[in-house]
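Tertiary structure, described
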Amino acid sequence: MPDLRHVPRALAVAAVLAAALLRPPATAAGDDPGHPWLDPARPVAERVDLLLGAMTQDEKLNMIRGHGLALIPRGRVAPVPRLGIPELRMHDGPHGVSDVRGVTAFPAPVTLAATWDTALARRFGAALGAEARGKGVNVYLAPAVDILRVPQSGRAWESFGEDPYLASAMAGEEVAGIRGQNVIATVKHYIGNNQETDRMRVDAVIDERTLREIYYPPFEAAVDAGAGAVMCAYNKVNGPFACENPQTLTAGLKDSMGFGGWVMSDWLATRSGQKAALAGLDQAMPDDPLFAANLKAGIALGTFPAARLDDMVRRVLTPMFADGLFETGYGTPDRDVRTPEHTALARDIAVSGTVLLKNRDGILPLTGGRIAVIGTAAHDNVEITSAGSGRVLPPYVVTPYQGLNARAGGTATYSPGDAAGALPWDVDKRLREAADAARRADVAVVVVGLSSQEGEDRPDLGLPGNMEKLIETVAAANPRTVVVLTAPAQVLMPWADRVKGVVSAFVGGQELGNALASVLYGDADPGGRLPMTFAARAADYPASTPEQFPGVDHRQVYSERLRVGYRHFDATALTPLFPFGHGLSYTSFSYDSLSISGATVRARVTNTGSRAGVAVPQLYLGFPPEAGEPPRQLRGFARLRLAPGESATVAFRLPERAFQVWTPQGWRTVRGDHTVQVGASSRDLPLSGTLTR
């Protein structure tokens, strides 16, 4: 969705004022013979049939187009007061209600993915839904479940990482949480929207098996969890645009996945009328009167079936009834919807999503002494959100320096260190000051970071400005150096061998500093695990040729097929810098007692260290070689908190789908011996066994 911050001021102000005057929809009595569809005791399908039968053609056409273009809500569908149909009010975003004050700036979805905690994902969705409802929003434009195919992607921070199983698990729970607040969840961007470069015209060339096994699963999980809407993307997919592609919209989404809600266009992504509607588009957003007019003319001329219009409207009405929009009261955009519980949740997610990548000589947790906090990303230029439709306006930001200084009792020092865009002599001066600060400290914590944004991809995988030089300078001045990354996805780390500790906080939200202090000082175990693979070299990533990314002549070919992320590294025997699923603890764990009974795999995890900690046991499945699958694929995980000496047995119950591959005839179970591996990451799997199907 485009960034609408530059909407003409008069239009934006008028829309906000109008939204502020809205009241919760009036509900007619359930026994009103003129409005029987308003009786919540009736089944949803019956209510839809009754209402659809009472609508005029123009009232139906109203439901399949937006009106207005504003900052909040981002989009609207006009109410039908005669029938008691409430207005649809749609708004972003992925980690908080976007571009409006009085909301919580939660960590980004990529940080949530790093928690590997589905319970947190549901709580996150519930909080997003509650704040959206309080702001008058009843259709929430989240989650974004596009697989992280290339680290450079401008919207990587909105994703749940590179693995479809992990992304599916998190997406389904977030959708359930949003729906629990009587808000419709909208899963996006369907499909092949894995880069921002040329997103309005690039053709994503993806074979059907890859779509089904890699890119469809998170959408399918969201559909299974009850997502009421799916947003189609700007790009083309195998020729047609995503919003007028019958193969993906109708055959893939509606027929195969059984999606019963509606497909809305991304904002201004509608390219045709009858053609798009016949392909599967149900609603043009945000303000496209020509779409509805074209369908109306088509019905009159006999070129567009009235039954398809009924189907489109039915798909909109069904989730409106199912998620309680006719009965629920909603707030207004000027309301402050923050709560102490949401603030605590923001901190919990930031803590749980912090990944300890390296901890040589046990430099962490910090035990006192003098701490030098270095880098503008630590205080002057903290990255906790991004530009674009998902931008959140935080009520405050606890910077890493503030959090660490408070935890250190006010004794930490701060030095900016890096100075992007500064004159050469100022850069040298700041580097000298950073080195001096590091020498005076017992431990130097260098915070570096970057942001990415909608509409453009990162030009490369390096850190911006002179951040790499800063790390090298500080590490040379003080060998006890820890680097903290605040970045939306992978970066190159040519300096990794020169520092003792590396921590990834991803995009940590308003409580970033408090969360970081909690983890670095050991008040909380670093429970995060990587939802993506960090490569040692840019060329090691699977989509590393121009034909793959960003494409040639507006055509990007997914020639890596199933080998996305760690699947590629395993298939090519490449050693990653940090593997998918990796994350260290301040304690140690052992894995034993693997047992396989039918399709259930059990393993025991024991905390063998001296302090409590978080373990994330992971199960990977390897198919028989003739299946043509990558060497191993995530098929189960759990998150455990274990006291010293405590053990827990984890049971992974594998559904039939876990053993299936997509063929031209549909899903097929692969018969033969499947390898089962359990351990702490995709490259740390001490337990192995065989499961025969």
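Residues numbered from 1 in each chain as written. Predicted model: local features only at pLDDT ≥ 70, side-chain atom pairs only at ≥ 80, totals over all residues. Heavy atoms only, no water.

**Things to note about the overall build of the chain**
Note the threshold: Secondary structure follows DSSP: runs of H or I at least 4 residues long count as helices, runs of E at least 2 residues long count as strands, and numbering of each begins at the N terminus. Only C-alpha atoms enter the radius of gyration; for comparison, a globular chain is expected to reach 2.2 Å times N to the power 0.38, where N is the number of residues. Burial classification: accessible surface area is computed with a 1.4 Å probe over protein chains only, and a residue below 20% of its type maximum counts as buried, one above 50% as exposed, and the rest as partly exposed. Any pair of residues with heavy atoms lying within 4.5 Å of one another is described as a contacting pair.
Along the backbone of the chain there are 18 helices and 26 strands. Relative to a compact globule of 693 residues, whose C-alpha radius of gyration would be 26 Å, the chain shows 26 Å and is just as compact. Within the span of the chain, comprising 693 residues, buried residues form 63% of the whole. For the chain, the share of sequence-separated contacts (at least 6 apart) that also reach a separation of at least 24 residues comes to 76%.

**Section: the packing of helix α14 (residues 400–407) against helix α17 (residues 512–520)**
For clarity, the threshold we go by: Whenever a helix is involved, its axis is fitted only over the stretch in contact; in every case the axis is a line through C-alpha atoms, and angles between N-to-C directions fall within 0 to 180 degrees. Should an angle fall under 35 degrees it is taken as roughly parallel, and over 145 as roughly antiparallel, whereas 65 to 115 is taken as roughly perpendicular and any remaining angle as oblique. Crossing handedness is defined as follows: a turn of the near helix away from the far one that is anticlockwise and smaller than a right angle gives a left-handed crossing, while the clockwise case is right-handed. In this classification, Asp, Glu, Lys and Arg are treated as charged, Ala, Val, Leu, Ile, Met, Phe, Trp, Tyr, Cys and Pro as nonpolar, and every other residue, Gly included, as polar.
Where α14 meets α17, the axes come as close as 7 Å, and the angle between the chain directions of the two elements is 45°. Relative to α17, α14 is oriented oblique. The interaxial crossing formed by α14 with α17 has right-handed handedness. Two secondary-structure elements touch here, α14 through Pro400, Gly403, Leu404 and Arg407 and α17 through Leu512, Gly513, Asn514, Leu516, Ala517 and Leu520. Of the residues contributing to the contact of α14 with α17, the split by class is 6 nonpolar, 3 polar and 1 charged.

**A word on the packing of aromatic side chains**
Put simply, the rule is: Whether two aromatic rings pair depends on their centres lying within 6.5 Å, for rings of Phe, Tyr and Trp, where Trp uses its six-membered ring; planes under 30 degrees apart make the pair stacked, over 60 edge-to-face, and the rest tilted. Two conditions define a charge located above a ring, namely a distance within 6 Å from the ring centre to NZ of Lys or CZ of Arg, and an angle within 35 degrees of the ring normal.
Scanning all chains against the criterion turns up 13 aromatic pairs. Taken together, a centroid distance of 5.2 Å and an interplanar angle of 80° make the contact between Trp116 and Phe637 edge-to-face. Here the residue Trp116 occupies a position in the loop between α4 (109–115) and α5 (118–134), and Phe637 occupies one in strand β20 (residues 633–637), the gap between them amounting to 521 residues. The exposure class of Trp116 is buried, given its relative accessible area of 1%. In this structure Phe637 comes out as buried when scored by relative accessible area, which is 15%. Measuring from ring centre to ring centre gives 5.4 Å for Tyr401 and Tyr414, while their planes differ by 35°; the resulting arrangement is tilted. Of this pair, Tyr401 sits in helix α14 while Tyr414 sits in strand β11 (residues 413–415), and the two are 13 residues apart along the sequence. Since its relative accessible area comes to 17%, Tyr401 is described here as buried. A relative accessible area of 23% means that Tyr414 is categorised as partly exposed. Through a chain of ring-to-ring contacts, three or more aromatic side chains come together here, namely Trp116, Tyr165, Tyr566, Phe580, Tyr620 and Phe637. Between Arg271 and the ring centre of Phe241, over which it is positioned, the NZ or CZ distance is 3.8 Å.

**A word on helix α2 (residues 44–54)**
Operational definition: This arc describes the spread of directions from the helix axis toward the C-beta atoms.
Buried within α2 we find Arg47, Val48, Leu51 and Leu52. Taken down its axis, α2 places every buried residue within 125° of arc, on the same side. Seen from the buried face of α2, the exposed residues on the opposite side, beyond 90 degrees, are Ala45 and Gly53. The inward-facing, buried residues of α2 contact α3 (57–62) and α12 (306–322).

**Quick notes on the nonpolar core**
The cut-off we apply is this: To form a nonpolar core, buried Ala, Val, Leu, Ile, Met, Phe, Trp, Tyr and Cys residues must be joined to one another through side-chain atoms within 4.5 Å.
Met63, Met90, Met264 and Met320 are the most contacted members of the largest nonpolar core, which totals 118 residues. Here this core gets 7 residues from one element, more than from any other, and that element is α12. Beyond its immediate stretch of four places on either side in the chain, Met264 contacts Met90, Val139, Leu141, Thr186, Ala229, Val230, Met231, Cys232, Leu281, Gln283 and Met285. With 45 residues, the next largest nonpolar core counts Val427, Leu463, Val491 and Met532 among its residues.

**Some points on the sheet that holds strand β16 (residues 589–597)**
What counts, and what does not: The criterion for strand pairing is that DSSP finds at least two bridges linking the strands in question.
Here 3 strands make up an open sheet; going across it, the order is β16-β17-β22 and the pairing antiparallel. Edge positions in the sheet fall to β16 and β22 (647–653), since each has one partner strand and no second. Taken pair by pair, the neighbouring strands of this sheet meet at an average axis angle of 20°, ignoring direction. Note: β16 against strand β17 (residues 600–607), 7 bridges, orientation antiparallel. Bridge assignment links Asp592 to a residue of β17, and that residue is Arg604.

**Focus: the state of the cysteines**
To keep things clear, this is the line we draw: Put simply, a disulfide is two cysteine sulfurs that come within 2.5 Å.
In this structure the tally under the stated criterion is 1 disulfide. Here Cys232 is linked by a disulfide to Cys243, with a sulfur-sulfur distance of 2.1 Å. Taking the sign of the torsion about the S-S bond as the criterion, the disulfide between Cys232 and Cys243, at about 105°, is right-handed. On the criterion of sequence distance, the pair formed by Cys232 in strand β6 (residues 229–232) and Cys243 in the loop between β7 (236–237) and α9 (246–256) is long-range, its members being 11 residues apart. Given a relative accessible area of 2%, Cys243 falls into the buried group.

**A closer look at the pattern of salt bridges**
Let me state the cut-off plainly: When a carboxyl oxygen of Asp or Glu lies within 4 Å of a side-chain nitrogen of Lys or Arg, that pair is called a salt bridge.
For the structure on display, the rule yields 46 salt bridges. Asp117 is the salt-bridge partner of Arg639, the closest N and O atoms lying 3.6 Å from each other. Placement of Arg639 in the loop between β20 and β21 (640–642) and of Asp117 in the loop between α4 and α5 is noted, with a sequence separation of 522 residues between them. We note that Arg639, like Asp117, is buried. Across the pair Arg315 and Asp311 runs a salt bridge, and its minimum N-O distance is 3.2 Å. Of this pair, Arg315 and Asp311 both sit in helix α12, 4 residues apart, which is roughly one turn of the helix. By relative accessible area, Arg315 is classed as buried at 12%.

**Examining the side chain of Asn478**
Take Asn478: it is sitting in the loop between α16 (467–477) and β13 (481–486). In this structure Asn478 comes out as buried when scored by relative accessible area, which is 6%.

**Focus: the confidence of the model for the chain**
Inclusion rule: For every residue, the pLDDT score states the predictor's confidence, bounded by 0 at the bottom and 100 at the top.
Counting all residues, the mean pLDDT for the chain is 93, and 95% of those residues have values of 70 or more. Overall, residues 2–30 carries pLDDT values under 50, and its contacts beyond four positions in sequence, including any with other chains, amount to 53 contacts.

**Looking at the environment of Asn405**
As for its position among the elements, Asn405 is in helix α14. Asn405 sits 150 residues away from Arg555 along the chain, and the two C-alpha atoms are 50 Å apart. Those residues in contact with Asn405, other than ones at most four positions away along the chain, are Gly410, Thr411 and Ala412.

**Thoughts on the environment of Ile214**
Summarising the element assignment, Ile214 is placed in helix α7 (residues 208–215). Expressed as a C-alpha distance, the spacing of Ile214 and Ile147, which sit 67 residues apart in the sequence, is 7.7 Å. Look past the residues within four positions of Ile214 in its chain and what remains in contact with it is Ile147, Pro164, Arg561, Leu562, Val564 and Arg567.

**Regarding the pairing of strand β4 (residues 184–190)**
Threshold: Crossovers are described as right-handed under a simple rule: with the strands pointing away from the observer, the path leading from the first strand over the helix to the second runs clockwise.
For β4, the buried fraction is high: 7 of the 7 residues fall into the buried class. For the crossover from strand β3 (residues 139–140) across helix α6 (residues 164–179) to β4, the handedness is right-handed. Pairing geometry for β4 and β6, over 4 bridges, is parallel. Bridging from a neighbouring strand, Tyr190 pairs with Cys232 of β6.

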